[in-house]
Every structure is written in structure tokens, then in C-alpha cells.
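# Geometric and topological summary
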Amino acid sequence: MAPFAGKRRVTRRFCTNGRNTLKTTVKVLVIVSAVFIAAFATQADEDHIRWIRNGAPVETYITGGPWTLEQSGAANGLKSSGYCDSTGKQIGNPGTERMQPYYFPVINGHGKHLQGYFDWRPKDTDEAVAAAFSDDAGFTWTFQQKVLELRTTCPDQLNKEPDGDKETNPNPNNSDNGDDDGQGHQFVITIAGHTFLYTLTRSVGHIDSDDLGIHELFPQPGLPLNGAPAMSDAATDSSPAGTPELPFHTTGLLNPDGILGVVPGSSPLKIIYEQKILSGDNTGPTAFPATQQCNTFWANYYATNPFGTGVNDDISYLRLAETTDGIHFKDDGILQGLNDPTDVTATGTRWLATAGTLMKLEGGRFGLLFSGGGCISGDSDAFQYIGYAESSDLLHWTVVNGLNNPVASTAPFTIAVNSSGVPDAAGSLVTFPANTPIVGTAMGWFSGRVYAPSGTLFGHHNLTVVFAGYHTPKPKNGLGDYRTIGRVSLHTDHAIVAIGQGGGDDSDDQ
């Protein structure tokens, strides 16, 4: 029996040593794996573009063109001061003024030489697509052309005075025309030998249900919008019910709100566009449960907040599509990872805006400057912050700069929330953004809204970003600094190969 017993003891020692060896090996593997994962994460983190600003954001200026807010005092509280002269004609910009009320910039070009397309929109009064050029990298602009104007009549409807009292007689300095719902969200693409201007018909019953209207352009020197009619040819709020959409329009895009950009070098041409489903989260087949609707948790906030924001039930997505002719499109699906339309938290990104910048990076990757917003801003226009994301396949995106470490943001805001992130007076205070934005703390002229970042290359390591800003989230009587165009320059040590512009790739290293 002794030999057998000895073998058992040896076996036990062997098993024990084996277990110890195995444990040691596992520990080593865990440590090595942790180091590898950390190194991989660090490498992945380093592979992302890291932005720094070249200088503080500034407001831009325009020479010539239609009426601006500051030229005769409208920005000091009177809604339409100096809009028309004594003969009933609209007064143009007599010199160089801040670029107000311009909006929704779409910029092509490179270096110092830029071509801009803008939505000119005096609040509740008029709307048009405007073109201007810059020879100093977007600091100043020279007006070129205005097309698709909604109306030329002078504002004559009663408005509240800045103190809130209703006027008893029309005040020519504080009147409007009742709406500004013409054609906007302009984008220009050159494809298959044609240059097309795409617009959103913004009138009731047409917005985000019609296809995008198309006007073919025949650009001439100084007239980049040549071919589009001077006056709007789309349905308006006063059009009879059942007025059809523009006869020349896109097909295949889903509830399009506008085109964000084209994919550089793609064939067939790929675009990113926004789908917006009006009141989609509480009506029809797209309706969400009450727990996924903003008003369930934010009703009291909307009733008392000082910004004038309220409940919004729209659903928005950025989507990928492709085309060979610029008219007929094939939808390729929703961009994943950028927003969650069911997010009701204070720091969630529920909505995305239409305008942004699509970049081709080294190594086959893509970058995206986008605009986001959530329940706290209460508006599907998504004007809360400008973020940045990257992708290798155009459909799955990783947000690098989000709401709490944004490229740009509205003014910092603090609110008490519970453990679920929704408003609760007894909850913990949360401030966002949690970190200073890359461009710096919000300035007054974009403290209420910041969105629509349109970037162009200045070399391959600097990006000129032209964007839209508002002084307040919902301009009412104090109309200074609403629909303002801003400009900032960003730098990265990662080369940007090209920008997705409608007229072609922006890959010129100037």
C-alpha cells in the first residue's frame, strides 16, 4: 500500500503545483491583457482627431445685400426697424454690417477663398436663399445674389412691444408679416453635368413631408444661383389646401429636412441627409411609450423655464443615401451611435440638426461635425451643442466630442435631476457642458443656440468652421443677435484628406 499512497501524495503535490502555476499564468495573462487593452484604448483614443482652436469665435460681417438687423436699430429691440422706406420698398444693407439675420450656412471652397450659401430669414417677415463670397477665410463676406424670396411686402401686422404690451396701431419698426416659411435649408450639388439647388419647403402641410425641391443652376461669375427664380415658387402658409409640392424634386429620401453633405470620392455619390418625422414620438406608428417622451418628465420645466422652449415630439435621424443623377436616391439606412430619439435625460442627445460637415480622414475613416440637442432645449432643431464623431463605414459612428466635451456649446446650464437623469427638485445638480468646449465658453451671440457647422480646409490640418448662433433659444421681442453667422478656426495634427462639399472634394492644400 505504501507505494500507492506515495503516488497519491505526489499526485496531490503535482495538482497543487499545477493549480498554482495555472493561477499564476492566469494572473499574468490578466495583467498582460489589461496592459494590452489599456494600450489599445490609448492608441484608439490617440487615433481620433483632437481639436484645438486657433483663436476665439467671432461674428462675421457682410457688405451689401438685403436688410440687416443692425443697420437701423432692429437689434436693439424693434423687430423690423428700417426694413422698408417711405415708398414701401425694402431697404438693402447700405454698407458692411454683422451677418444678421443670416442662418444655416453651407460653405464651399478652401483656404481664404470661400463660396457661401445662406438662409436669409428676418423673423416672421421674409425668407430667401442668399449667396456671398469671402476672400479672407470667412471673416467678411460680399453679397452676390438672393433667390426664392418669400415676399417683398413690408411688414404691417401688429406685434407686442418689447415690454409685452400689445400695440394699438401698427408700428413700422416693430411689425412683421406673420410668417417666414419660405424655402430654406439650401444645399448645392454638382453631379452628372448638372448643378442642383435643393431646398426644403417650410410651409405648414409641406415641411418634412414633401420631397426636397430642386432648381437647376447655371452659375455665372458673381451669380452662383443663376437659374433659380427670384421669387419662391413653392407652397406657402397662405396657399390653398392641397397645393402640390414642387414638380421638380427628389425621390427616395425619407421625410427629408435637408442635405448635410456628400461623401468625398464616392461613386455613386453618397450623401448624408436628415429625416425628420413631425410629432412622430406621440402620434401614428412611430409613437413611443410615455416614458420615452420629453413632456412626461419635463412638463413643469417647460411651463416655467425662462427660455421660451417647450415640448417637442419630433423624431430626427441622420441617414445615408446614394444617387447617380442627384434626383433619384436610394436610402442606405440610419446613422448609428449619434443620437437616441427615446432619450429623456438632461444630458442625452435626442435630436440632430440637418447641417454639418463630413470629412474624409487618413486611413479610410470619416469625421463628422454635427449639431445635437435634447429634452432640455425642447426643440428638434438640435441647437444645444456642436459635436464631433468618427466612422469607418459611414453607418456606425463613435462620438468623440459630445454634449459634455463639445466642440461648441450654448451657455452652461445647471439643473437638479434624479438618478435617472430627469428633472427633480430634490435631486443632484448637474451642469453641462461638464468641460469647457474646444472653442471656449459660449459668447453672448451664440449663448442661446449654436449649430449648423460648415467647415472648409485651410491646408490639411486647419478647418475654417462657419456656424449659426442665436443670443436666446427662442427670440421673442429682444431680437438682437438672432440668426447670426459666426466663424472659428480649428486645428488638428491629423490630416483631413477632403471635405464632403456639393461641388466636389475640397482637397486643395492652400
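Residues numbered from 1 in each chain as written. Predicted model: local features only at pLDDT ≥ 70, side-chain atom pairs only at ≥ 80, totals over all residues. Heavy atoms only, no water.

## Section: the sheet that holds strand 9 (residues 183–191)
If you walk across this open sheet you meet the three strands as 9-10-11, and the pairing is antiparallel. Across the chains shown, the open sheet's two edge strands, defined by having one partner strand only, are strand 9 and strand 11 (213–217). The average angle at which neighbouring strand axes cross in this sheet is 25°, direction not considered. One ladder, built from five bridges, connects strand 10 (residues 194–201) with strand 11; its direction is antiparallel. Of the residues in strand 11, the one forming a bridge with Tyr198 is Ile214. (Pairing = 2+ DSSP bridges. Helix = DSSP H or I, 4+ residues; strand = E, 2+ residues; numbered from the N terminus. Axes fitted to C-alpha atoms, helices over the stretch in contact; angles between N-to-C directions.)

## Comments concerning the nonpolar core
Proteins that are soluble and globular tend to have nonpolar side chains buried together. Counting 68 residues, the largest nonpolar core has Ile189, Ile271, Trp298, Leu338, Leu368 and Trp397 as the members making the most contacts within it. Leu361, Ile386, Phe446 and Val465 belong to the second-largest nonpolar core, a separate cluster that totals 24 residues. (Core = buried A, V, L, I, M, F, W, Y, C linked by side-chain atoms within 4.5 Å. Buried < 20%, exposed > 50% of the residue type's maximum accessible area, 1.4 Å probe, protein only.)

## Comments concerning the layout of surface pockets
Taken as a whole, the second largest pocket spans an internal volume of roughly 230 Å³. Lining the second largest pocket are 16 residues; nearest its centre among them are Phe307, Thr410, Ala411, Ser447 and Pro473. Residue classes in the lining of the second largest pocket are distributed as nine nonpolar, seven polar and no charged. (1 Å grid on protein atoms, 1.4 Å probe; cavity = no way out; pocket = protein on both sides within 12 Å on 5 of 7 lines; lining within 4 Å. Points joined across faces, edges and corners; volume = space filled by probe spheres on them. Nonpolar A, V, L, I, M, F, W, Y, C, P; charged D, E, K, R; others polar.)

## Side note on the confidence of the model for the chain
Overall, the predicted model of the chain reaches an average pLDDT of 88, with 86% of residues at or above 70. For the stretch residues 1–44, pLDDT sits under 50, and the model shows zero contacts to residues farther than four places along the chain or on other chains. Taken together, the stretch residues 504–510 has pLDDT below 50 and engages in 25 contacts with residues farther than four places along the chain or on a different chain. (pLDDT = per-residue confidence, 0-100. Contact = heavy atoms within 4.5 Å.)

## Structural notes on the sheet that holds strand 13 (residues 269–277)
Strand order in the open sheet formed by four strands is 12-13-14-15, and the pairing between neighbours is antiparallel. Strands with a single pairing partner mark the edges of an open sheet, and in this sheet they are strand 12 (256–262) and strand 15 (329–334). When strand polarity is set aside, the average angle formed by the axes of neighbouring strands in this sheet is 35°. Pairing between strand 13 and strand 14 (residues 315–323): nine bridges, direction antiparallel. Each residue of the ladder has a partner; that of Leu269, found in strand 14, is Thr323.

## A short note on the pattern of salt bridges
In total, this model carries 23 salt bridges according to the counting rule given. Notably, a salt bridge pairs Arg483 with Asp180, separated by 3.2 Å at the nearest N-O pair. Separated by 303 residues along the polypeptide, Arg483 in the loop between strand 25 (462–470) and strand 26 (484–491) and Asp180 in the loop between strand 8 (140–147) and strand 9 bring together distant segments of the chain. Across this residue pair, the class does not change: Arg483 and Asp180 are buried. (Salt bridge = Lys/Arg side-chain N within 4 Å of Asp/Glu carboxyl O.)

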